[in-house]
Protein chains: 2
Amino acid sequence: MKKSPLAPDSFPELPIIKGVQFATGQTGIKYIDREDIMLAKLSPETTISGVFTSSTMRSASVLDCQSKIGLGTEQGAAILVNAGNANAFTGSDGQASVNRICEALSLKLGLPSSAIFTSSTGVIGEILPDHKITNCIDDLKNTLHDGSIENAAKAIMTTDTFSKGSSATLDIDGKRVSISGIAKGSGMIAPDMATMLVYIFTDAKIGQINLQKLLIKLNNRTFNCITVDSDTSTSDSLICAATGASGVDVSKSSRFSKSLEKVMLDLAQQVVRDGEGATKFITVNVAGAASNKDAHKVAMAIANSPLVKTAIAGEDPNWGRVVMAVGKSGAVANRDHLSIWFGSHLVAERGQVAKNYKEASTAKYMKQSALSIHVDLGIGSSFSTVWTCDLTNDYVKINADYRS
Amino acid sequence: MKKSPLAPDSFPELPIIKGVQFATGQTGIKYIDREDIMLAKLSPETTISGVFTSSTMRSASVLDCQSKIGLGTEQGAAILVNAGNANAFTGSDGQASVNRICEALSLKLGLPSSAIFTSSTGVIGEILPDHKITNCIDDLKNTLHDGSIENAAKAIMTTDTFSKGSSATLDIDGKRVSISGIAKGSGMIAPDMATMLVYIFTDAKIGQINLQKLLIKLNNRTFNCITVDSDTSTSDSLICAATGASGVDVSKSSRFSKSLEKVMLDLAQQVVRDGEGATKFITVNVAGAASNKDAHKVAMAIANSPLVKTAIAGEDPNWGRVVMAVGKSGAVANRDHLSIWFGSHLVAERGQVAKNYKEASTAKYMKQSALSIHVDLGIGSSFSTVWTCDLTNDYVKINADYRS
């Protein structure tokens, strides 16, 4: 698979987080000649929070993680992720696989099974050959070391065309606090309460409940505001681990919250930039809505519309389709108060095409790879921003061929 | 545009409806060398009912029709439809265009303006050059005659690759009652309260209010159960005219209701068969739901999922994506009660892949052009059926190029 044209130039330098060690390996479950499993081991007193997909068909790993979040990780914790098999819709066999993996890791790492979190990503409905994972545990344990987060980001990829990482550092009371995160995701992206697979590590000190609250709040502004194809995965998981190794308590730090949000938003946008077949990165801003819910509804109706997304793929400033999407969204809207901009080009206002609208200059704007659509409903003061990509022949090609 | 591979062999023979006369013409608004306008003139005492899009951005014609339905058509009525320009999001100019067209027709046909219904379909946001329509009215009036419904069906097409007609006849108390309908639609199809453009004519005798109630009921089982691309048009209109010329009162006839439903369902399915780029006609049945609303939600989540639709385009029995769509639908569902069939092939049950599932034979089934997906939620007794098509490269191609 060719690298997305919207990919960043390279994987960023991520700060090493004290208290976290990584290892990666090859299980041979689906992929040949590449690493497909990663282990993160977390020091004692690390706190772990997570948000997960709200799909009623969530995978065995997701159900297992949800049952463990908040049980306590005083002795330390571990996160194990495999790519190529989602272990979703695998019935009671799926849970049995998760149990066997957690038991084996528990034994080798000397941690309670309740402090071991797993994620699986890949094809839905195939039984997970968990022995191929447990066979790797010795090797993973023996190669654990600081600073191999880039390999971890690579090992969790499926249809991704580039590995995704982001970081932030900030100084609080003269001490350095660092955040490093990785993500995977490319298709089946319309997170709801959570997202694809995302792992964020920090040496900040913060209690589990405070971290959980913060994660839920920031998730609603970041991963819940992206969509590639309106399809919500059965495996979406976002896990954040705070080792506390910096000694800096960030429970009440708005600067930490902002830094964490920056990392989350960067990772979320990287997932959009790797949207299957994507050639355009699109920011959809909706303002002037009657409520936040309405603003988000309109933004998502635009971002998920196949007709808007194909028009953008064709570099056509077809703003009539944006009108259509506003109209079908279910939000309160009034034709005569609606305004639409493509970038800085006002295309429609007061119920019709803008007086000075110039198709030629707007069409030229559409050739850029990063585009913004701004909609003002002209009714209230609520707003929302979401990020998406275009819908191209390559999306169809990738997804008509995925399993074969 | 090549004719859809799912098209019927030919346009059907439709019975002539006494009390209806048709004419067609060329306005030159968008298309060259083809008819793009149709006029239907209805005899005195015809009753007219209609259902329309619930989009908040509905077109000037739709708003005008909605204001007129039920006002009375004792002196007769007329329906005028143009293709190539939707007259949607054209502000007060749009309504002025509709007014001028209705006034001109009113004068020429000797009918009150309130008995004249118009529809426009095509590009959104461009001012309708209504003089090109009013210039045609003399010609249209002079060529009105019975039996040219096939030309009318052709004149209202936009991206359609074939014209759509359907009919039914039934004998009640020794007298013949006939129904003839036409439709257009191919993309921007996810009707909500109504549909694309559909005109149904019958010589049955039925009061306006009874016809309206019947239309709403049948619409919920036919046009509201299809989707091509989840995008709802600003122009959806279904108008039914009953001339009463047969002298048969059908107000309480369940046989008439069934015949009308058959015509509506046939037209709705023809729209799906002409779905932009479609190569597969897909019936999605959902049973065992906790409520009718849940059943419809699940069926539409499957039918609208880009990942399900692209898998089917690739003839891949990727039932994991059906699981995903059930999971994201928002309906009550339980992994361990869910069963999924592709045609007669049971693929998943009790939370995992079916014991005797054979990928090879199911993959062979997927090569058919008409496919069914059956989902049993195993929870309640409510069910729903919807119809859709696959998502192909050609859908993207058609919609990335539409205006240019």
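### Observations concerning the interface of chain A and chain B
In this complex, chain A contributes 53 residues to the contact, which on the side of chain B involves 53 residues. Those elements that place two or more of their residues in the side of chain A that touches chain B are α2 (91–109), α9 (306–313), α10 (319–328), β14 (352–353) and α12 (393–401) of chain A. Looking at the side of chain A that touches chain B, the element that brings in the most residues is α10 of chain A, giving seven residues.

### Comments concerning the relation of the copies chain A and chain B
The two chain copies are connected by a rotation around an axis plus a translation along it. Here chain A sits on chain B after a turn of 180° about the axis and a move of 0.0 Å along it, with an RMSD of 0.0 Å. Classification of the inter-copy transformation places it as that of a two-fold axis. Of the C-alpha atoms belonging to chain A, the one lying closest to the rotation axis is found on N393 of chain A, 2.5 Å away. A shared binding surface is used by both copies, with 100% of the interface residues of chain A retained as interface residues in chain B.

### Quick word on the sheet that holds strand β7 (residues 175–184) of chain B
Residue and element names in this part refer to chain B. Ordered in space as β3-β10-β8-β7-β6, the five strands form an open sheet in which the pairing is mixed. The sheet terminates laterally at β3 (47–52) and β6 (164–172), the two strands that pair on one side only. Pairwise comparison of adjacent strand axes, ignoring direction, gives a mean angle of 10° for this sheet. Sheet topology note: the β7/strand β8 (residues 197–202) ladder contains six bridges and is antiparallel.

### Re helix α10 (residues 319–328) of chain B
The element α10 of chain B is extensively covered by neighbouring structure, given that 10 of its 10 residues are classed as buried. Here α10 of chain B has its buried residues at W319, G320, R321, V322, V323, M324, A325, V326, G327 and K328 of chain B. Contacts from the buried residues of α10 of chain B go to β5 (116–123) of chain A together with α8 (292–304), α9 (306–313), β12 (339–342), β13 (345–349) and β15 (370–376) of chain B. Residue G330 of chain B follows α10 of chain B closely and has a positive phi angle near 90°.

### Quick notes on unusual backbone geometry
Phi at D33 of chain A takes a positive value of approximately 60°, unusual for a residue other than glycine. Its place among the elements puts D33 of chain A in the loop between β1 (20–25) and β2 (37–42). Assessed through the 6 C-beta atoms surrounding it within 10 Å, D33 of chain A is described here as exposed. The backbone of S230 of chain B sits at a positive phi, close to 70°, despite the residue not being glycine. As for its position among the elements, S230 of chain B is in the loop between β9 (226–227) and β10 (237–242).

### Overview of the pairing of strand β7 (residues 175–184) of chain A
Residues and elements named next belong to chain A. Buried residues dominate β7, accounting for eight of its 10 residues. By the bridge criterion, nine bridges tie strand β6 (residues 164–172) to β7 in an arrangement that is antiparallel. Bridge pairing in β7 links A168 to I179. In textbook terms, the turn of a hairpin is the stretch between consecutive antiparallel strands, and for β6 and β7 this stretch comprises two residues, one of which, D173, has a positive phi near 50°.

### Quick look at the packing of helix α6 (residues 208–221) of chain A against helix α7 (residues 254–273) of chain A
Residues and elements named next belong to chain A. Contact pair α6 / α7: the axes reach a minimum separation of 10 Å and the direction vectors enclose 45°. Our classification of the angle between α6 and α7 gives oblique. Handedness of the α6/α7 crossing: right-handed. Two secondary-structure elements touch here, α6 through L214, L218 and R221 and α7 through S257, L260, E261 and M264. In the contact of α6 with α7, the residues fall into four nonpolar, one polar and two charged.

### Regarding the sheet that holds strand β1 (residues 20–25) of chain B
Residues and elements named next belong to chain B. The sheet built from four strands is open, its strands ordered β1-β2-β4-β5 with mixed pairing. Looking at the sheet topology across the chains shown, the edges are occupied by β1 and β5 (116–123). Ignoring strand direction, the axes of neighbouring strands in this sheet form an average angle of 15°. In terms of strand pairing, β1 meets strand β2 (residues 37–42) through six bridges, oriented antiparallel. Bridge assignment links A23 to a residue of β2, and that residue is L39. Of the strands in this sheet, β2, β4 (77–85) and β5 are in contact with helix α2 (residues 91–109), which crosses β5 at around 135°.

### Structural notes on the environment of K252 of chain B
Residues and elements named next belong to chain B. Topologically, K252 is positioned in the loop between β10 and α7 (254–273). Looking at K252, the number of C-beta atoms within 10 Å reads 9, which means it is exposed. Taking the C-alpha atoms as reference, K252 lies 16 Å from S178; in sequence the two are 74 residues apart.

### A short note on α8 of chain B
Residue and element names in this part refer to chain B. With 13 residues, α8 should reach 18 Å at 1.5 Å per residue; the first-to-last C-alpha distance of 18 Å fits that figure. A large share of α8 lies buried, amounting to 11 of its 13 residues. Every buried residue belonging to α8 is among D294, A295, H296, K297, V298, A299, M300, A301, I302, A303 and N304, and all of these are buried. If you follow the buried residues of α8, they end up packed against β9, β11 (281–289), α9, α10, β15 and β16 (382–389).

### A look at the pairing of β16 of chain B
Residues and elements named next belong to chain B. In this sheet, β16 lies alongside β9 in parallel orientation, the contact comprising two bridges. Bridged to T227 within β16 is T388. The pairing of β11 with β16 spans seven bridges and is antiparallel. Bridging from a neighbouring strand, N285 pairs with T385 of β16.

### Structural notes on the domain arrangement of chain A
Residues and elements named next belong to chain A. Each domain of chain A was delimited in the assignment, giving domain 1 (20–273) and domain 2 (281–401). Distance from the C-alpha centre of domain 1 to the C-alpha centre of domain 2: 33 Å. Between domain 1 and domain 2, the contact holds 11 residues from the first and 11 residues from the second. For the side of domain 1 that touches domain 2, the secondary structure elements donating two or more residues are β9 (226–227) and α7. Looking at which element gives the most residues to the side of domain 1 that touches domain 2, the answer is α7, with four residues. Its residues assigned to classes, the side of domain 1 that touches domain 2 shows five nonpolar, five polar and one charged.

### Focus: the nonpolar core
If you look at the biggest cluster of nonpolar residues, it comprises 263 residues, and the most contacted ones within it are A78 and V298 of chain A together with A78 and V298 of chain B. Contact partners of A78 of chain A, with chain neighbours within four places excluded, come to L39, A40, K41, L42, L105, L109, L111, A115 and I116 of chain A.

Reading the values: the criteria
Residues numbered from 1 in each chain as written. Chains lettered and ligands numbered in written order. Predicted model: local features only at pLDDT ≥ 70, side-chain atom pairs only at ≥ 80, totals over all residues. Contact = placed C-beta atoms within 7 Å. Helix = DSSP H or I, 4+ residues; strand = E, 2+ residues; numbered from the N terminus. Least-squares fit on C-alpha atoms with pLDDT ≥ 70 in both. Pairing = 2+ DSSP bridges. Axes fitted to C-alpha atoms, helices over the stretch in contact; angles between N-to-C directions. Buried ≥ 20, exposed ≤ 12 C-beta atoms within 10 Å, placed from the backbone. Parallel < 35°, antiparallel > 145°, perpendicular 65-115°, else oblique. Left-handed = near helix turned anticlockwise from the far one by under 90°. Nonpolar A, V, L, I, M, F, W, Y, C, P; charged D, E, K, R; others polar. Expected span 1.5 Å × (residues − 1). Domains from an automatic or database assignment. Core = buried A, V, L, I, M, F, W, Y, C linked by C-beta atoms within 7 Å.

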